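What follows is each chain in one-letter form.
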Amino acid sequence: MKTASKPPAAFPPAAVGAPEVPRSAGRRPGGPWRRRLADQSRAYAFLIGGVLCFALFSWYPAIRAVVIAFQKYTPGSGGEWVGTANFTRVFHDPEFTAAWRNTLTFTLLALLIGFAVPFVMALVLNELRHAKAFFRVVVYLPVMIPPVVSALLWKWFYDPGAGLANETLRFLHLPTSNWSNGADTALVSLVIVATWANLGGTVLIYLAALQSIPGELYEAAELDGASLLQRVRHVTIPQTRFIILMLMLLQIIATMQVFTEPFVITGGGPEDKTVTVLYLIYKYAFLYNDFGGACALSVMLLVLLSAFSAVYLRLTRSEGDDA
Amino acid sequence: MSTRTLVSPLTLARPRGKAVYWTVFSGVVLLFAVAFLFPVYWMVTGAMKSPDEVTRTPPTLVPDRWHLSGYTDAWDLMDLPTHLWNTVVQAAGAWLLQLVFCTAAAYALSKLKPAFGKVVLGGILATLMVPAQALVVPKYLTVADLPLIHTSLLNSPLGIWLPAVANAFNLYLLKRFFDQIPRDVLEAAEIDGAGKLRTLWSIVLPMSRPVLGVVSIFALVAVWQDFLWPLMVFSDTEKQPISVALVQLSQNIQLTVLIAAMVIASIPMVVMFLVFQRHIIAGISAGSTKG
C-alpha cells in the first residue's frame with residue numbers, strides 16, 4: 001500500500017482498498033492512444049447527462065424559436081415556411097404596441113422605484129449599529145414568499161372595496177385609488193408589488209458592497225469638510241458604481257420578462273394596460289394557438305435581452321480579470 | 001476596530017448624534033415592521049377571520065373570533081395535500097437530478113479534460129446570456145414532443161426535472177469550485193487506486209459541501225417559486241404544484257380559504273429561509289461582491 005503518498009484529509013480509509021490497486025493498474029495495458037480514448041470516454045460518461053439536458057432544453061429551443069418564427073407551426077404536424085408573415089402579423093396586432101409600451105414602462109418604473117428605494121435602504125441600514133440580523137432577515141422575507149402568493153396578497157390589498165390599500169388611505173383621510181383596476185394606476189400598482197417582493201435581494205447585495213468601502217475614504221472626505229450628502233455623492237456612489245451598474249442590468253433583464261404579476265393580479269387589463277411582452281407570448285401560444293407568432297415575439301424579446309446580457313457578462317468578466 | 005461608515009463614530013457619540021441615531025433606528029424598525037412584517041401578519045390573521053369580518057370596513061386589526069376553519073377548509077377544499085406533495089416531488093427531483101448531472105458534468109469539465117471541453121463549456125455559458133423566460137414557448141414545444149423519441153413530458157414531473165438540469169449558473173458555480181481543488185489531491189487518490197467516480201464521491205464532494213449547499217438552496221427555491229413553466233407543463237389539475245393550483249382555484253373560492261391556502265403555500269420556503277438564513281444571506285452577499 002502506498003500510504004506514504006500523502007492521502008488527503010478528506011479521504012476515507014475505506015476508499016483505499018488494497019485489491020483496487022492492482023486491478024486499476026492492470027486495466028491499462030494499451031498504448032497512450034488507447035489510454036486517452038479510455039480517459040475520453042470516461043470524461044464524456046460524466047458529461048453526457050448534463051450536456052443532453054442542455055442540448056434538449058436550452059440549445060435546441062433557442063434554435064427552434066428562430067425556425068418556428070418563420071413557420072406556420074401546428075404541434076404534431078410540423079411547420080410550413082411562411083417567410084416573415086408571423087412578424088408582420090404580430091407587428092400589426094394592436095396589443096403588440098401596448099405590450100411593448102407596458103413592458104418598457106414597467107421596466108423604467110421598476111428602475112426608478114425598485115432601484116432608488118433599495119439603495120437608500122441599504123445606505124441607512126449600513127449606518128445602524130443594532131439589530132442588523134433582524135433587518136436582514138425581515139427585508140429578505142418577502143423574497144422567500146412564493147411570487148404567486150405575493151401577487152394574490154397584493155391583489156387582495158388592492159381590492160377597491162375592503163382592500164387594505166384603500167382602507168389605509170381612508171384612515172389617513174386621503175382620496176382612494178382604483179389601484180390595479182384603474183387604467184392609469186394599474187401598471188404602477190404592479191411595479192409596487194414586484195418591488196416589494198424583490199427588493200430584499202438588492203438591499204443585501206448593496207449592503208455587502210457598502211461594507212467593502214474603506215472607511216479612510218469617508219474620513220478623508222470629512223476632514224475636507226464634505227457634508228453627509230457630499231460624502232454619499234463623492235465616496236459612496238463612485239465606490240459602488242460597478243455594483244449599481246450590474247444590478248441595473250440584471251433588473252432590466254428580469255423586469256422585461258415580467259409575467260406572474262400581470263397574469264395573476266390584472267389579467268392584462270384594464271383594457272390592455274398591463275399586457276406585457278411575455279404575457280402576449282403566452283396568449284399567442286395558449287389562447288390563439290399561434291406558435292409562429294409566439295416564437296416571432298420570443299425572438300424579438302430574445303434579441304433585445306441578449307444584448308443586455310452580453311453587456312452584463314462582458315462587464316463582469318473584465319472586472320473579474322482585474323481582480 | 002469597527003469599520004467606519006458614512007457617519008463617523010464621533011458624530012454618533014455626541015448627544016445630538018445619539019438622538020438622531022435612535023430616531024432613525026426606531027423609524028426604520030417601524031417602517032420594516034409595517035412594510036414587511038405587517039402584510040405577513042395580515043395574511044396569517046386574515047385567514048382566521050370569519051368570511052364577513054374579512055370584507056368588513058373598517059377592517060379589524062385582530063380577529064373578533066379566531067377561526068381555524070379557514071386553514072382546515074383550505075387543506076380539504078383546495079386539496080392542498082395533493083398540490084403540496086406535487087410541489088415537493090417536483091422540487092426534490094429537480095434538486096436531485098441537478099446535483100447528480102451538474103456535479104458530474106462540472107467535474108468532467110473541471111478535472112477530466114474531455115476533448116472539446118472548452119466548446120461545451122462555452123455553449124453552456126452562452127445560455128446564461130439567453131433569458132430563460134423568453135424561450136418558454138419553444139421549450140414547451142420540445143417537452144411536448146421530444147425530438148427523436150417523440151414522447152411527451154407534459155403532465156409528468158420529468159417536464160420539470162430534466163429542464164431544471166440545464167442550469168448554467170449552478171453548473172458554472174460548481175465548476176469554479178472544483179477548479180480550486182488542487183490536482184495533487186486527486187492524483188494522490190488515483191495512485192491509491194480510486195477510480196474517477198470514487199474520487200468524485202469520496203474526495204471532491206466532501207470538500208465541496210459549501211457550494212453544494214448553495215446549489216441545493218438555489219435549486220429548491222427556483223422550483224418551489226416558479227409559476228409560468230409549471231403552468232404550461234401541467235394542464236392536469238391533479239398534477240399541478242401549489243403555485244399553479246392557487247391561481248387556478250383563486251377565482252371560485254372563499255377569500256378566507258384562499259388566504260389560508262396562501263399562508264400554507266408560503267410556510268415551507270419561509271421555514272427553510274429562517275433555518276438557513278445565515279447561509280442564504282451570506283451566499284447572496286458573497287456571490288455579488290465576487291461577481
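The structure presented is a predicted model; accordingly, all values stated were derived computationally and were not measured. (Residues numbered from 1 in each chain as written. Chains lettered and ligands numbered in written order. Predicted model: local features only at pLDDT ≥ 70, side-chain atom pairs only at ≥ 80, totals over all residues. Heavy atoms only, no water.)

1. Digging into the overall build of chain B
1) Next: The helix and strand tally for chain B stands at 15 helices and zero strands.
2) Next: For 291 residues, the compact-globule formula gives about 19 Å, and the C-alpha radius of gyration of chain B, at 25 Å, lies well above that figure.
3) Next: Dimensions along the principal axes, computed over C-alpha positions, put chain B at roughly 75 × 65 × 35 Å.
4) Next: For chain B, with 291 residues in total, the buried portion stands at 51%.
5) Next: Of the contacts formed within chain B by residues at least 6 apart in sequence, a portion of 68% connects residues at least 24 apart.
6) Next: Of the roughly 13,600 Å² that chain B leaves accessible, carbon and sulfur atoms contribute 68%.
7) Next: Considering chain B, the positive charge centre built from 20 side chains and the negative charge centre built from 15 side chains are found 18 Å apart. (Helix = DSSP H or I, 4+ residues; strand = E, 2+ residues; numbered from the N terminus. Rg over C-alpha atoms; globule rule 2.2 N^0.38 Å. Buried < 20%, exposed > 50% of the residue type's maximum accessible area, 1.4 Å probe, protein only. Contact = heavy atoms within 4.5 Å. Areas by Shrake-Rupley, 256 points an atom, 1.4 Å probe, with all protein chains shown as cover. Lys, Arg positive; Asp, Glu negative; His and termini not counted. Charge placed at Lys NZ, Arg CZ, Asp CG, Glu CD.)

2. Re the nonpolar core
1) Next: In this structure, Phe 259 and Phe 263 of chain A together with Phe 32, Val 137, Phe 227 and Leu 246 of chain B are the most contacted members of the largest nonpolar core, which totals 190 residues.
2) Next: A per-element tally of this core places helix H15 (residues 255-289) of chain B first, with 16 residues.
3) Next: Ignoring any residue separated from it by four or fewer positions in sequence, one finds Phe 32 of chain B in contact with Met 121, Leu 125, Phe 135, Val 138 and Val 139 of chain A together with Leu 37 of chain B. (Core = buried A, V, L, I, M, F, W, Y, C linked by side-chain atoms within 4.5 Å.)

3. What about the packing of aromatic side chains?
1) Next: What the rule picks out here adds up to 34 aromatic pairs over all chains.
2) Next: Counting every residue linked through ring pairs, the aromatic cluster contains Phe 259, Phe 263, Tyr 279, Tyr 282, Phe 286 and Phe 291 of chain A together with Tyr 140 and Phe 227 of chain B.
3) Next: A cation over an aromatic ring shows up here: Lys 283 of chain A above the ring of Tyr 279 of chain A, its NZ or CZ 6.0 Å from the ring centre.
4) Next: The ring of Trp 229 of chain B has Lys 139 of chain B sitting right over it, with the charged end atom 4.5 Å from the ring centre. (Phe/Tyr/Trp six-rings, centres within 6.5 Å; stacked < 30°, edge-to-face > 60°. Lys NZ or Arg CZ within 6 Å of the ring centre and 35° of its normal.)

4. Considerations on the pattern of salt bridges
1) Next: Per the stated rule, a full pass over the model turns up 12 salt bridges over all chains.
2) Next: The salt bridge partner of Lys 283 of chain A is Glu 95 of chain A, with a shortest N-O separation of 2.8 Å. Placement of Lys 283 of chain A in helix H13 (residues 277-286) and of Glu 95 of chain A in helix H4 (residues 94-127) is noted, with a sequence separation of 188 residues between them.
3) Next: Judged by its relative accessible area of 13%, Glu 95 of chain A is buried.
4) Next: Among the salt bridges present, the one from Lys 175 of chain B reaches Asp 179 of chain B, with a minimum N-O distance of 2.9 Å. Of this pair, Lys 175 of chain B and Asp 179 of chain B both sit in helix H9 (residues 168-179), four residues apart, which is roughly one turn of that helix.
5) Next: The network of salt bridges with common partners includes Glu 219, Glu 222 and Arg 231 of chain A together with Arg 4 of chain B. (Salt bridge = Lys/Arg side-chain N within 4 Å of Asp/Glu carboxyl O.)

5. So, the interface of chain B and chain A
1) Next: Counting residues at the interface gives 116 residues for chain B, matched by 110 residues for chain A.
2) Next: Here chain B meets chain A over a buried area of about 9,700 Å², counting both sides, of which 77% is carbon and sulfur.
3) Next: If you sort the residues of chain B by the area they bury against chain A, Leu 6, Phe 36 and Asp 192 of chain B come out on top, with a joint share of 8%.
4) Next: Connecting chain B to chain A are two salt bridges.
5) Next: At the junction of chain B and chain A, the tally comes to 19 residue pairs in polar contact (both at pLDDT 80 or more).
6) Next: The leading source of residues in the side of chain B that touches chain A is H15 of chain B, at 18 residues.
7) Next: Its residues assigned to classes, the side of chain B that touches chain A shows 86 nonpolar, 21 polar and nine charged. (Buried area = accessible area lost by both parts, 1.4 Å probe. Polar contact = N/O pair within 3.5 Å; in protein donor to acceptor, adjacent residues only side chain to side chain. Nonpolar A, V, L, I, M, F, W, Y, C, P; charged D, E, K, R; others polar.)

6. Things to note about the pairing of strand S2 (residues 78-81) of chain A
Residues and elements named next belong to chain A.
1) Next: Bridge count for strand S1 (residues 71-74) against S2 is four bridges, and the pairing is antiparallel. Bridge assignment links Lys 72 to a residue of S2, and that residue is Glu 80.
2) Next: Here S1 hands over to S2 after three residues, with Gly 76 in that stretch at a positive phi of 100 degrees. (Pairing = 2+ DSSP bridges.)

7. Let's talk about the environment of Ala 261 of chain B
Residues and elements named next belong to chain B.
1) Next: Along the chain, Ala 261 falls in helix H15.
2) Next: Judged by relative accessible area, which is 0%, Ala 261 ranks as buried.
3) Next: Separated by 135 residues in the primary sequence, Ala 261 and Ala 126 have C-alpha atoms spaced 39 Å apart.
4) Next: What Ala 261 contacts, discounting residues up to four positions off in sequence, is Ala 74, Met 78, Leu 80 and Leu 246.

8. Things to note about the confidence of the model for chain A
1) Next: For chain A, mean pLDDT is 86; residues scoring 70 or higher make up 89% of the total.
2) Next: Contacts of residues 1-27 of chain A to residues separated by more than four positions or lying in other chains number 30 contacts, the stretch itself having pLDDT below 50. (pLDDT = per-residue confidence, 0-100.)

9. Some details on the packing of helix H2 (residues 32-69) of chain A against helix H6 (residues 117-129) of chain B
1) Next: One can describe the packing of H2 of chain A onto H6 of chain B by two numbers: an axis separation of 11 Å at closest approach and a directional angle of 45 degrees. Classified by the interaxial angle, the pair formed by H2 of chain A and H6 of chain B is oblique. Regarding H2 of chain A and H6 of chain B, the two cross each other, and that crossing is left-handed. For the pair H2 of chain A and H6 of chain B, the contacting residues are Leu 47, Val 51, Phe 54, Ser 58 and Trp 59 of chain A in the first and Val 120, Gly 123, Ile 124 and Thr 127 of chain B in the second.
2) Next: A class-by-class count of the residues in the contact of H2 of chain A with H6 of chain B yields six nonpolar, three polar and no charged. (Axes fitted to C-alpha atoms, helices over the stretch in contact; angles between N-to-C directions. Parallel < 35°, antiparallel > 145°, perpendicular 65-115°, else oblique. Left-handed = near helix turned anticlockwise from the far one by under 90°.)

10. A word on the environment of Val 211 of chain B
Residues and elements named next belong to chain B.
1) Next: Following the sequence through the fold, Val 211 ends up in helix H12 (residues 209-225).
2) Next: Separated by 59 residues in the primary sequence, Val 211 and Val 270 have C-alpha atoms spaced 21 Å apart.
3) Next: Sequence-distant contacts of Val 211, that is, excluding residues within four places in its chain, are made with Leu 173, Leu 174 and Phe 177.

11. Describing the layout of surface pockets
1) Next: Approximately 1,000 Å³ is the volume found for the second largest pocket.
2) Next: Contributing to the lining of the second largest pocket are 30 residues, with Leu 164, Ala 165 and Thr 168 of chain A together with Val 34 and Phe 38 of chain B lying nearest its centre.
3) Next: Among the elements of the structure, H4, helix H6 (147-157), helix H7 (164-171) and helix H8 (186-211) of chain A together with helix H2 (15-46) of chain B are those that each provide at least two residues to the lining of the second largest pocket.
4) Next: Per-class residue counts for the lining of the second largest pocket are 25 nonpolar, three polar and two charged. (1 Å grid on protein atoms, 1.4 Å probe; cavity = no way out; pocket = protein on both sides within 12 Å on 5 of 7 lines; lining within 4 Å. Points joined across faces, edges and corners; volume = space filled by probe spheres on them.)

12. As for the environment of Asp 64 of chain B
Residue and element names in this part refer to chain B.
1) Next: With respect to the secondary-structure elements, Asp 64 resides in the loop between helix H3 (51-54) and helix H4 (69-77).
2) Next: Through-space distance from the C-alpha of Asp 64 to that of Ala 74 is 20 Å; in sequence the pair is 10 residues apart.
3) Next: Asp 64 has contacts with Glu 53 and Arg 56, leaving out every residue within four places of it along the chain.

13. Thoughts on unusual backbone geometry
1) Next: Along the chain, Gly 269 of chain A connects to Pro 270 of chain A via a cis peptide bond; the corresponding omega equals -5 degrees.
2) Next: In this fold, Pro 270 of chain A is placed in the loop between helix H12 (260-266) and H13.
3) Next: Of note in this structure, Lys 113 of chain B is not a glycine but carries a positive phi near 50 degrees.
4) Next: Looking at the element boundaries, Lys 113 of chain B is found in the loop between helix H5 (80-112) and H6.
5) Next: Within the chain, Asn 155 of chain B stands out as a residue other than glycine whose phi angle is a positive 60 degrees.
6) Next: Among the secondary structure elements, Asn 155 of chain B is positioned in the loop between helix H7 (136-144) and helix H8 (158-165).

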